[in-house]
Amino acid sequence: MGVNVSVVAIDAGNSKTDVALIGEDGTVLSSARGGGFQPPVVGVEAAIDVLAAALGRAVAELPDAGGAFGTSAHVSACLANADLPVEEAELAGALEARGWGSSVEVRNDTFAILRAGVDEPRGVAVVCGAGINCVGMTPDGRTARFPAIGRISGDWGGGSGLAEEALWFAARAEDGRGEPSELTRALPGHFGLDSMYALIEALHRGAIPSARRHELTPVLFATAAGGDPVALALVERLAEEVVAMASVALGRLGLLAEEAPVLLGGSVLAARHPQLNDRITELLAVRAPKAGVRVVSEPPVLGAALLGLDRTGATPEVQRRLRAQYVRGAR
């Protein structure tokens, strides 16, 4: 006879997956980590196999369970690449076919970051990592979101986008088409090169893998911190984009006139660059004066688990017990 798992919580990003099995009283019974979730690259079933491997490790660690648990649990999965409601529905169907629980709910992984940072499902989260995304939610089930699938959906920003912009401005600064910028030295210097021309050639011919372009994002922020006008302008534009997404989401949910949290997450915002995060706070004070801004430090899998407990009707005491286990660093 297996242990009583109430929620199977899954937070799956492009680079890693976290699974936590939650008991009815909010206890984290076991957890495990696996690889990234990339259905656009490997296909839906192969991507779900990655989740299955992590879940299998979590199940094997259940106390006195003999490597098994009942199937009455609710599966709360917050997944990268679930950018549209139709994709969430497709992935939910694929998870249901695995038989991991009696019910399944799939959300974009940005919802996990939002829910991890609030005591009730109310507020807005903006995530800026490789890309940029924003979601909002209220306790009555209403949500606000953007497609967030790149330029075709009106997005600008994210670490990858910032690196591309920095390269564009630096190339033009070096050859005279654009405004002079310290980026012409800082970007190639990061790779031990002496000019933008050398960096362009190295990227074009593969001497520097394209995947390493993201390393240039911190270089951009360091250059901005040194006062370079071009780099500062890019940071300013990102701050404006974050505030635009947050204020629109707050407006859609009717939260502009109320005190509501705006949570910042993802590697770029979690780095707490003063030129960026302080400017976001300044701009939001104008567009959403009652918004409270903070960087989320709680792990997203906590958010997936709390969303699951929301669905199962768990009491606030159960939710507090779960949160306490993550806040004190137990997981």
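Cut-offs applied
- Residues numbered from 1 in each chain as written.
- Predicted model: local features only at pLDDT ≥ 70, side-chain atom pairs only at ≥ 80, totals over all residues.
- Heavy atoms only, no water.
- Pairing = 2+ DSSP bridges.
- Helix = DSSP H or I, 4+ residues; strand = E, 2+ residues; numbered from the N terminus.
- Axes fitted to C-alpha atoms, helices over the stretch in contact; angles between N-to-C directions.
- Contact = heavy atoms within 4.5 Å.
- Expected span 1.5 Å × (residues − 1).
- Buried < 20%, exposed > 50% of the residue type's maximum accessible area, 1.4 Å probe, protein only.
- Parallel < 35°, antiparallel > 145°, perpendicular 65-115°, else oblique.
- Left-handed = near helix turned anticlockwise from the far one by under 90°.
- Core = buried A, V, L, I, M, F, W, Y, C linked by side-chain atoms within 4.5 Å.

A. Representation of the sheet that holds strand E7 (residues 132-137). With respect to topology, five strands assemble into an open sheet ordered E8-E7-E6-E9-E10, the strand pairing being mixed. Looking at strand neighbours, the two that pair on one side only are strand E8 (143-145) and strand E10 (291-295), the edges of this open sheet. In this sheet, adjacent strand axes meet at a mean angle of 15° when their direction is disregarded. Pairing of strand E6 (residues 123-128) with strand E9 (residues 260-265), which is carried by four bridges, proceeds in the parallel orientation. What sits directly across from Val126, in E9, is Leu264. Where helix H9 (residues 229-252) meets the sheet, its contacts fall on E6, E7, E8, E9 and E10, and the angle it forms with E7 comes to roughly 25°.

B. Examining helix H12 (residues 300-312) more closely. Between its terminal C-alpha atoms H12 stretches 19 Å, which fits the 18 Å expected from 13 residues at 1.5 Å a residue. Of all the residues in H12, the buried ones are Val301, Leu302, Gly303, Ala304, Ala305, Leu306, Leu307, Gly308 and Leu309. Positioned one or two residues after H12, Gly313 has a phi angle of 80°, which is positive.

C. Geometry of the packing of helix H5 (residues 158-175) against H9. One can describe the packing of H5 onto H9 by two numbers: an axis separation of 11 Å at closest approach and a directional angle of 150°. By the angle between their directions, the pair H5 and H9 is classed as roughly antiparallel. When the axes of H5 and H9 are compared, the crossing they make is right-handed. Of H9, the residues touching H5 (which contributes Gly158, Leu162, Glu165, Ala166 and Phe169) are Val230, Leu234 and Leu238.

D. Molecular detail of the sheet that holds strand E3 (residues 28-34). An order of E3-E2-E1-E4-E5 is seen for the five strands of this open sheet, with the pairing classed as mixed. This sheet does not close on itself; its edge strands, each paired only once, are E3 and strand E5 (103-108). The sheet shows a mean angle of 15° between the axes of neighbouring strands, direction not considered. As defined by bridge partners, strand E4 (residues 74-79) adjoins E5 across six bridges and the pair is classed as parallel. Looking across to E5, one finds that Val75 is bridged to Val104. Contacts from helix H2 (residues 44-60) reach strand E1 (5-12), strand E2 (17-23), E3 and E4 within the one sheet, and its direction differs from that of E3 by about 140°. Strands E1, E2, E4 and E5 of the sheet are contacted by H12, whose axis makes an angle of about 140° with E1.

E. Structural context of the nonpolar core. Counting 53 residues, the largest nonpolar core has Leu187, Leu238, Leu276 and Ile280 as its most contacted members. In terms of residues, this core owes the most to one element, H9, which gives twelve residues. Beyond its immediate sequence surroundings of up to four residues, Ile280 is in contact with Ala239, Val242, Val243, Leu264 and Leu269.

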